[in-house]
Amino acid sequence: YTDANGCSNSASQNIVVNALPAVTLDPLAAVCVDATDFALTGGAPAGGTYSGTGVSGGSFSPATAGVGSHTITYSYTDVNGFTNSASQSIDVNALQRDTVHSYIALCVDAAYFVLSGGAPAGGTYSGTGVSGGSFSPSTAGVGTHSITYSYTDANGCSNSASQNIVVNALPAVTL
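Reading the values: rules and limits
Residues numbered from 1 in each chain as written. Predicted model: local features only at pLDDT ≥ 70, side-chain atom pairs only at ≥ 80, totals over all residues. Heavy atoms only, no water. Helix = DSSP H or I, 4+ residues; strand = E, 2+ residues; numbered from the N terminus. Buried < 20%, exposed > 50% of the residue type's maximum accessible area, 1.4 Å probe, protein only. Contact = heavy atoms within 4.5 Å. Pairing = 2+ DSSP bridges.

This part takes up the environment of His 101. Within the secondary structure, His 101 sits in the loop between strand 9 (83-93) and strand 10 (106-107). The partly exposed category is assigned to His 101, whose relative accessible area is 33%. Setting aside chain neighbours within four positions, we find His 101 in contact with Ser 116, Gly 117 and Gln 163.

Next up, the structure:
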């Protein structure tokens, strides 16, 4: 500072500039929309918080987030009050829409037959009287039986569809 008499003087002070805390978040694996809620992990250093669509209390809900790609952020505040964050995307995959065609009623003595009509192709059939992708009315017995077609896509997401098949008793005949 220079005063009116032309006299100058100065004072100095050091200032410390702290770096932001180093924060990381591990990549997040894709999930199916029907997956159960799960605790988020992989944020470092420990003690931070997670945020984003479908995040509540440190857990992620695929159903709440919905199908699509979502950004999950991990934020951490150090002892100096400085905050930094890291983000990763998580993909929530849709379930494959499965279908199985309707079946006509059969007699209990009808021949076994190969089940077909399930979509998308590549799934499996199950239910009473089903074996190796075929249905046996005599093995199933008289009654209404549920035939289920299940499919798992390349993302590991599974879904199924069911239809009933009726197996009728033979008529009672006397002579």
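Further notes follow.
Mapped onto the elements of the fold, Asp 78 is located in the loop between strand 8 (68-77) and strand 9. What Asp 78 contacts, discounting residues up to four positions off in sequence, is Ala 19 and Pro 21.

Time to look at the sheet that holds strand 6 (residues 55-56). Taken together, three strands build an open sheet; the order of strands is 3-7-6 and the sheet is antiparallel. Both outer strands of the open sheet, strand 3 (38-39) and strand 6, are each paired with one neighbouring strand and no more. The pairing of strand 6 with strand 7 (residues 59-60) spans two bridges and is antiparallel. What sits directly across from Val 55, in strand 7, is Phe 60.

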